Amino acid sequence: MEVKELYRQILGIEKPWRVSQVELDIRAERIDVKVVHDEEVRWPCPECGQLLSVYDHAPERVWRHLDTCQFKTYLHARIPRVKCPVHGVRQVKVSWAEAHSRFTVLFERLAIAVLREANIEGAARLLRVSWDEAWNLMERAVRRGQKRKSRRVVKKMGVDEKSLGKGHNYLTLVYDLEEATVEYIADDRRKESLDEYFSLLSLAQRKEIEAIVTDIWDPYLASIREHVPGAEDKLVFDRYHLMRHLVEAVDKVRKQEHRELKKEGLEVLAGTKYLWLYSQENLPPEKRNFLSWLRKKRLKTARAWAIKESFRELWAYRSLAWAIKHFESWYAWAIRSRLNPIKQVARMFRKYLRNILTYLKHRITNAVSEGLNSTIQTIKKMACGFRNREHFKIAIYFHCGGLDLYPITH
């Protein structure tokens, strides 16, 4: 088979285009393929499709293609332009690359597959491109996916924040809990951060939202109540975050009691920090006897742990009346416990009780969000952090956005 014909098939070149020249540079480990088109061909306007004669040609462009026998392969062509009576002078589309790209669609598809498995630096080494080129490929893929994705209503929504780095530097993320995707990212964690997302939806679309799960964070709550009709019946406080408040309260009790016991020369709570973080059913078998022994010591920490475990029973109820009865009993115990950290959490729970109990209706949590947060944290570690928040957003959408990233091959 002739070399030109071989590369025509390798590159997927179709009429009216043809390969005119193939140059091999052994020293540079490079192959350059030049493509020309037949004469007297009429080309469709890229805007309206009207067939027109060639007006002129754009300067020669070069596209990186898949390697040939480990040699970098480049495609060269001068793309014709047409003069449309409606749209003016326009450059025609070519089948091997998307507009404004420096890579062929086949190379972009390979690059996206590599970028999904490696960080930017590693992908750049494997693809033999610069860091900026690798990043541009990722950004193009995200923009392509976002353009294709229709704006739809997320019926079961999670709202959470993600720390960008040191200090009070946050992003607000909106999750689709059914599809396990990140739908929207905004700067900071203010009311306006979430307002921006709701402003993209019509009132009819916001009415379709069935449930929103979030942490107790007043700016988010204000935005949800302002924009979502019937928000009080749809708003659910995430049980993971609620339990975290109690876990932190138990730890405060432990620290305070440990200091008091140390003054008396007792080290009974030394090294027990993580023991009290376990729930009853997740307690390792080898630690059960030790915890049972500690609880018999009538420690304040043991009492705080028992109060924490009692609250967890709330999630098992199916009846709202029985759940309220359980909470009232638990609340009375917590308030009489004489443990200030526990009492503070109990008062907060009572204040927000209505949207704690909406869990019994919707039974959703931010577990999907936490799983995606773990993926996002891995992305951040792989990149050794992100100084540019826009880069961080692009990386999140690329890996967690559920987008159709790949260009269409012809």
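Look up: the structure comes first, before these words.
Residues numbered from 1 in each chain as written. Predicted model: local features only at pLDDT ≥ 70, side-chain atom pairs only at ≥ 80, totals over all residues. Heavy atoms only, no water.

Participant: Would you take a moment to explain the packing of aromatic side chains for this structure?
Facilitator: Between two aromatic rings, the relevant description is the distance of the centres plus the angle of the planes. Counted under the stated rule, the structure contains 17 aromatic pairs. Each ring, one from phenylalanine 103 and one from phenylalanine 107, has its centre 5.2 Å from the other, and the planes form 15 degrees; the classification is stacked. For the residue pair phenylalanine 103 and phenylalanine 107, the accessibility class agrees, reading buried in each case. Between the aromatic rings of tryptophan 330 and phenylalanine 349, the centroid separation amounts to 6.1 Å while the plane-to-plane angle is 25 degrees, which identifies the pairing as stacked. Linking tryptophan 330 in helix 12 (residues 320-335) with phenylalanine 349 in helix 13 (residues 340-351), this pair joins segments that are 19 residues apart in sequence. Both residues of the pair, tryptophan 330 and phenylalanine 349, count as buried. The structure contains a cluster of three or more aromatic residues connected by ring pairs, namely Phe311, Trp315, Phe327, Trp330, Tyr331, Phe349 and Tyr359. In this structure, arginine 189 packs its charged tip against the face of tryptophan 217, placed 4.1 Å from the ring centre. (Phe/Tyr/Trp six-rings, centres within 6.5 Å; stacked < 30°, edge-to-face > 60°. Buried < 20%, exposed > 50% of the residue type's maximum accessible area, 1.4 Å probe, protein only. Helix = DSSP H or I, 4+ residues; strand = E, 2+ residues; numbered from the N terminus. Lys NZ or Arg CZ within 6 Å of the ring centre and 35° of its normal.)

Participant: Before we go on, may I ask you to explain the sheet that holds strand 10 (residues 156-163) in this structure?
Facilitator: Within a beta sheet, neighbouring strands are joined by backbone hydrogen bonds and run either parallel or antiparallel to one another. The strand order across the open sheet built from five strands is 12-11-10-13-14, with neighbouring strands paired in mixed fashion. Taken across any chain shown, the strands that pair with only one partner, and hence form the sheet edges, are strand 12 (181-187) and strand 14 (235-237). When strand polarity is set aside, the average angle formed by the axes of neighbouring strands in this sheet is 25 degrees. Alignment of strand 10 against strand 13 (residues 211-214), held across three bridges, turns out to be parallel. Considered in strand 13, the bridge of glycine 158 is made with valine 213. Helix 16 (residues 367-382) contacts strand 10, strand 11 (170-176) and strand 12 of the sheet and is inclined by roughly 35 degrees relative to strand 10. (Pairing = 2+ DSSP bridges. Axes fitted to C-alpha atoms, helices over the stretch in contact; angles between N-to-C directions. Contact = heavy atoms within 4.5 Å.)

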